[in-house]
Every structure is written in structure tokens, then in C-alpha cells.
Amino acid sequence: MLGCGTVGAQVVRLLTEQADDLTARIGGSVELVGVAVRRPHRHPDVPAHLITTDAAALVESDVDVVVEVIGGIEPARTLLTTALRAGKSVVTANKALLAEHAAELFAAAGSSGADLYFEAAVAGAIPLLRPLRESLAGDRINRVMGIVNGTTNYILSAMDSSGAGYAETLDEASRLGYAEADPTADVDGYDAASKAAILASIAFHTRVTAADVYREGITSVTPADIAAARTLGRTIKLLAICERVDTDGVESVAVRVHPAMIPRSHPLAGVGGAFNAVFVEADAAGSLMFYGQGAGGAPTASAVLGDLVAVSRNRLVGGRGPGESAYAALPIRPISQVDTRYHVSLDVADRAGVLSSVASVFAEHDVSIAAVRQRGRANDASLVIVTHSAPDRALRSTVDKIAGLPAVHDVVSVMRVEGEEP
Ligand SMILES: NC(=O)c1ccc[n+]([C@@H]2O[C@H](COP(=O)([O-])OP(=O)(O)OC[C@H]3O[C@@H](n4cnc5c(N)ncnc54)[C@H](OP(=O)(O)O)[C@@H]3O)[C@@H](O)[C@H]2O)c1
């Protein structure tokens, strides 16, 4: 084992407590022969003879399987490519590494016939990658959309129920242990983007890296956005959306992470707190939803152990699980060309002709309006517009131009809209 922190300690615990059951399920025993950490004194529960600070030596020793729960790119990347090239099966929870270097890792695994499993890298305990890689391998997946980051989901859920601002809610989340001391990877959407890249790669048999994912975090979500969503019977969630796009018979893949308004009746709207949920739409299977605990030591360890059992079984029968499937090699579609829908909430002057001046900007950009709500308020008025689908670039240009209209005092909220057409 490489690493013994939040996840690793739980893997060690379960591996020890369930040793007999695991042996029976695998058909052979699994023996923990070493645990590499940085600071040995921090691990009094692990037998001292198993602890080492020399991860490289442990990987090069006579082991069959390497479980990596260190996180980050290095040294994990070097350690795992070394292990895979030497024919050692790898189980990892490392989303950042998989989202950037999957091709290299799969090539190393392929060169020796070793297994590379990483169920825990996306959505913690939820069985999701194996269903995509194996159960749905005979189907055609068109869309994967979900909530894959518990910290941001906790913050947005709390903002929705309290009406409080982002900064205040983040502070509370940190106090309660739902946000890391440095929350950047979560709140800026990097964590969700890594997971989206992994999901899209598997779903569409195409190499997608984190850099291919359009990413917006939740730091700009305001109480005004939340209130605007509420008025429309919607709530705001940070969504990871992976889509197969067909433009006149030419297919591409669009992958994005951003906050979006979804109807309160949508199944994802009910996913509160630190839970994760992912929708998969496939040709033959129809819609599937996967739901559960997306993080935490024990839930993530459950996924790691499931992989450990799988790779151990494979070793015993002399086989291996699926390798990389990137044969489709679909091009990545930039966000500017992806069709989305916008909700735009404006403070406008309360005078005749304002609505038509705003509407004409939408028309100029070929964006059709699905719903408008106008409300007078003494000297001020508000105008809320929800659009039909249009290329993101057209929607952005429309909002930029509207912001400059003399009758528009303020653009109060701009948010993408997902879920059924309004
Ligand atoms: N936490 C979750 O809920 C969760 C959920 C899903 C996936 N994951 C993924 O699981 C992985 C581990 O996350 P975590 O939360 O368990 O991390 P963590 O609590 O920070 O633990 C990291 C462990 O790695 C060890 N380590 C760090 N650098 C090392 C090095 N150079 N050599 C050997 N050991 C080293 C640390 O040793 P010391 O303890 O001695 O410092 C620590 O035991 C990450 O890839 C993460 O993305 C985590």
C-alpha cells in the first residue's frame, strides 16, 4: 500500500478485519506486506514492521498488487508506471493522476498485461466506472451527468436552504469538516473536472484529459442566483456533464463542469449534502442513476477493496480486466460550440420599450427566448429571461451586449440551465 491517510487507513482496517472473507471471495489470501507513508509516527495502528518511508523500494519488492492512496501526480505517477511495467496490478483512487496520465498508465499496464483499476477515483463508494467499463460495454452511452463533488454540493445545498453567501457557507463547511483547509480543487471545479475527464474517457471510448474539460467553479454563485433559481422552481448544482454531440452526422465529445439551475423536481435536485449522484443515458439501457457517498474514508475504501478483490481474482486465473478503450478517438468540442441554455436576470429601467430592446439583442444573436418574466418595482424593474438551447458563444455575446444597454442597470444573475426545457 502506498499512503495510509483518510482512505488508506480504512483500507488497512477493512483488509485486516475482513481477511477471512476476502480470502474466501478471492479464492486465495491477500497479505498486506508493506505500507509506505511519509511520517511513520502518525500511524500507530499499523504494525511497525509493515511501515516504510521508501515507497519506491516497496513497489520494486516482490509484491503482486500495489494499492495507491497517496494522491497527486508525483511520486504516484512514477511509482505506478514502475509497478505496472513490472507486471504488478494497480488499484488507485487517484483522480488527478488518471485525468492527466491515463494513457501512459494504460500503456504501462498493457506492456506487461497488468491490471489498472480505479473505481474509487470517481464518486467514492458508488459503483460507476465498472458499470461503464463492463456492464454497459455493449451499449452506446450518450450522456453522463452528475454531481461528483461532495464539498461543493454541501455548500450549494447549504446556501439554498439558508440564503447565506458563498464565503460564509464555505467557512461553515470548513468548520464542519466538509471542506479542506485549501478548498481550491473542490470549489474551483478542478476535482469535478478530473472526474468528468475520467467518466467521458470511459463512456465515449475516447481519451479525455482534465485540460479538455470546460470548468467553472462555484465561487461566483451568489444568494441572488440562488433566489432567482428558487423563483423559477429550480435549485443550483455544480454539474459534470459529458455528452456525445452529433452535428450533421459528425460526432464529438463535450465535457464541462459548471454550476447550473435544475428543476427542483429533477432527481439530482434532491441530492443533498456530501452525496454524489450520476445519471447515465444509453441507447438501449435508457436512463440510469447511480447514487451514494462520493467521499470519506470507509466509503472510498469500499471501492478500493472491490478493485483489490477483482485484480486478485484476475491474477489467480491468470487473466486481466479491461484495458484502455480509446478506439473511437472522438474530437473534443469546445464549450463555445456546445448548446446550452441560459437564465438571465436583469435590473432594468421601468419604462416602455425595455423588453423589446433586450429581446432584440437575443434575436440578433439567433438565441430564442423560452420564457420571460417582467416585474415593475417603483423606479426599477426586473426582467428574467430563460432561453432555448443555443451555442454557448452566442449566449455569452448576448449577455455581454445586454449588459451595455442603457436601460439595463445591472445583470443580477447569469446561470446555465439544465433539465427539461422550460
Ligand atoms: N478522502 C476522500 O474522501 C477520497 C475520496 C475519493 C478519492 N480519494 C483519493 O484517494 C487518495 C488519497 O486521499 P486521502 O484523503 O486518503 O489522502 P490523505 O489523507 O492526505 O493521505 C495521503 C497519504 O499518503 C501518504 N503520502 C504522501 N506522500 C507520500 C510519499 N511521497 N510517499 C509515501 N506516502 C506518502 C501520507 O503519509 P503521512 O500520513 O505519513 O503523511 C498519507 O498517509 C487521493 O488520490 C484522493 O484523491 C480520496
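What counts, and where the lines are drawn
Per-chain numbering applies: the sequence of each chain, read as written, is numbered from 1 onward. Where local features are concerned, this predicted model is filtered to residues with pLDDT of at least 70; where side-chain atom pairs are given and counted, the filter is 80 or more; whole-chain, interface and lining totals use all residues. Just so you know, side-chain values use all the structure's heavy atoms and leave hydrogens and water out. UniProt positions are given in the numbering used here, feature names are shortened, and annotations may be inferred rather than shown by experiment. To be near a molecule or strand, a residue needs just one of its heavy atoms within 4 Å of it. A 3.5 Å cut-off defines polar contacts: any pair of N or O atoms within that distance qualifies, except that in protein one atom must be a possible hydrogen donor and the other a possible acceptor, and neighbouring residues in sequence count only when both atoms are side-chain atoms. Note on areas: Shrake-Rupley, 1.4 Å probe, and residue coverage restricted to the protein chains presented here. In this classification, Asp, Glu, Lys and Arg are treated as charged, Ala, Val, Leu, Ile, Met, Phe, Trp, Tyr, Cys and Pro as nonpolar, and every other residue, Gly included, as polar. We count a stretch as a helix when DSSP gives it H or I for four or more residues in a row; a strand needs E for two or more, and each element gets its number in order from the N terminus. Three exposure classes are used, based on accessible area relative to the maximum for each residue type with a 1.4 Å probe and protein chains only: buried under 20%, partly exposed in between, and exposed over 50%. Here, residues are in contact when the closest pair of their heavy atoms is within 4.5 Å. Within 6.5 Å between ring centres, the rings of Phe, Tyr and Trp (the latter by its six-membered ring) count as paired, and their orientation is classed by plane angle as stacked under 30 degrees, edge-to-face over 60, tilted in between. Two limits define a charge over a ring: the Lys NZ or Arg CZ must be within 6 Å of the ring centre, and within 35 degrees of the ring normal. When DSSP finds at least two bridges between two strands, those strands are taken to pair. In this entry, domain limits derive from an automatic or database-based domain assignment. Summed over both partners, the accessible area lost on bringing two parts together, with a 1.4 Å probe, is the buried area. For salt bridges, the criterion is a side-chain nitrogen of Lys or Arg within 4 Å of an Asp or Glu carboxyl oxygen. In this text, buried Ala, Val, Leu, Ile, Met, Phe, Trp, Tyr and Cys residues form a nonpolar core when linked through side-chain atoms within 4.5 Å.

Identification of the protein chain as Homoserine dehydrogenase from Actinophytocola xinjiangensis is taken from an unreviewed UniProt entry. Taken verbatim from the UniProt record of the protein chain, the Function (unreviewed entry) comment is "Catalyzes the conversion of L-aspartate-beta-semialdehyde (L-Asa) to L-homoserine (L-Hse), the third step in the biosynthesis of threonine and methionine from aspartate." UniProt lists a comment for the protein chain under the heading Cofactor (unreviewed entry), and it reads "a metal cation".

Colleague: So what exactly am I meant to see when it comes to the site of the ligand here?
Modeller: Among the 21 residues in the neighbourhood of the ligand, the closest are listed as Cys4, Thr6, Val7, Arg39 and Gly296. Contacts to the ligand include Arg39, whose backbone N or O atom sits 2.7 Å from an oxygen atom. Between the ligand and Gly296, the relevant distance is 2.7 Å, taken from an oxygen atom to a main-chain nitrogen or oxygen of the residue. In the complex, 79% of the free accessible area of the ligand, which totals 900 Å², lies under the protein chains. Looking at the shell around the ligand, its residues break down into ten nonpolar, eight polar and three charged.

Colleague: Would you mind going over the UniProt feature "active site" (unreviewed entry) in the protein chain with me for this structure?
Modeller: Here the UniProt feature "active site" (unreviewed entry) sits at Lys195. Positionally, Lys195 belongs in helix α10 (residues 190–204). For Lys195, a relative accessible area of 4% translates into the label buried. In this view, Lys195 contacts Lys95, Ala121, Val122, Ala123, Val148 and Asn149; residues no more than four positions away in its chain are not counted.

Colleague: Mind showing me how you'd approach unusual backbone geometry here?
Modeller: Glycine aside, a negative phi is what most residues show, and trans is what most peptide bonds show. Along the chain, Glu74 connects to Pro75 via a cis peptide bond; the corresponding omega equals 10 degrees. You can see Pro75 is positioned in the loop between β3 (65–68) and α4 (76–85). Look at His205: it is not a glycine, yet its phi comes out positive at around 50 degrees. Following the sequence through the fold, His205 ends up in the loop between α10 and β7 (214–215). With relative accessibility at 18%, the residue His205 sits in the buried group. One non-glycine residue, Ala329, adopts positive backbone phi at about 45 degrees. Looking at where Ala329 falls in the secondary structure, it is placed in the loop between α12 (297–317) and β12 (339–349).

Colleague: How should the UniProt feature "binding site: NADPH" (unreviewed entry) in the protein chain be read in this particular structure?
Modeller: Mapped onto the present numbering, the UniProt feature "binding site: NADPH" (unreviewed entry) falls on Lys95. Apart from residues no more than four positions distant in its own chain, Lys95 is found in contact with Ala121, Asp191, Ser194, Lys195 and Ile198.

Colleague: Explain the packing of aromatic side chains here, please?
Modeller: To describe a pair of aromatic rings, you give the distance between the ring centres and the angle between the ring planes. Overall, the coordinates contain three aromatic pairs when judged by the stated rule. Ring centres 5.3 Å apart and planes at 10 degrees place the aromatic pair Phe275 and Tyr291 in the stacked group. Taken together, the residues span a long stretch of sequence, with Phe275 in strand β10 (residues 275–282) and Tyr291 in strand β11 (residues 286–293) at a distance of 16 residues. For Phe275, a relative accessible area of 31% translates into the label partly exposed. A cation over an aromatic ring shows up here: Arg215 above the ring of Tyr190, its NZ or CZ 3.8 Å from the ring centre.

Colleague: Even after reading the chapter, I still don't get the sheet that holds β3, so can you show me in this structure?
Modeller: Sheets are built from strands that pair by backbone hydrogen bonding, the pairs being arranged parallel or antiparallel. What the three strands build is an open sheet, ordered β3-β4-β5; its pairing is parallel. Since the sheet does not close on itself, it has two edges, and those belong to β3 and β5 (116–117), each with one partner. Strand direction decides the pairing type here: strand β4 (residues 89–92) and β5, joined by two bridges, are parallel. Within β5, the position partnered with Val90 by the bridge is Leu116.

Colleague: I would appreciate a short explanation of the domain arrangement of the protein chain in the present structure.
Modeller: Interfaces are frequently sized by the accessible area removed from exposure as the parts join. With domains assigned, the protein chain is organised as domain 1 (6–124 + 297–317), domain 2 (129–293) and domain 3 (336–417). Here the C-alpha centroids of domain 1 and domain 2 sit 27 Å apart. On the side of domain 2, 18 residues touch domain 1, which itself brings 19 residues to the contact. Summing the contributions of domain 1 and of domain 2, the shared interface buries around 1400 Å²; its carbon and sulfur component is 61%. Our enumeration of links across domain 1 and domain 2 arrives at two salt bridges. Residues Lys95 and Asp191 are paired through a salt bridge, measuring 3.3 Å at the closest nitrogen-oxygen approach.

Colleague: Even after reading the chapter, I still don't get the pairing of β11, so can you show me in this structure?
Modeller: Along any regular strand the residues' side chains alternate between the sheet's two faces. Alignment of β10 against β11, held across eight bridges, turns out to be antiparallel. Looking at the pairing, Ala282 lines up with Gly286 of β11. Connecting β10 to the antiparallel partner β11 that follows it, the hairpin turn spans three residues.

Colleague: Looking at this structure, how should I read the environment of Ala125?
Modeller: With respect to the helices and strands, the residue Ala125 is situated in the loop between β5 and α6 (129–135). Along the backbone, Ala125 and Ala303 are 178 residues apart, and their C-alpha atoms lie at a distance of 5.2 Å. Here Ala125 is in contact with Gln293, Pro299 and Ala303, once residues within four sequence places are set aside.

Colleague: What is the right way to read the nonpolar core from this model?
Modeller: A general feature of soluble globular proteins is that nonpolar side chains tend to end up buried together. Formed by 77 residues in total, the largest nonpolar core has its most connected members in Leu2, Phe118, Ile141, Ile155, Ile198 and Leu199. The biggest single contributor to this core is α10, with ten residues. Contacts of Ile198, omitting those with residues within four sequence positions, involve Lys95, Leu98, Ala99, Phe118, Ala121, Val122 and Leu129. Among the nonpolar cores identified, the runner-up in size contains 29 residues, and Ile26, Ala93, Tyr117 and Ala310 belong to it.

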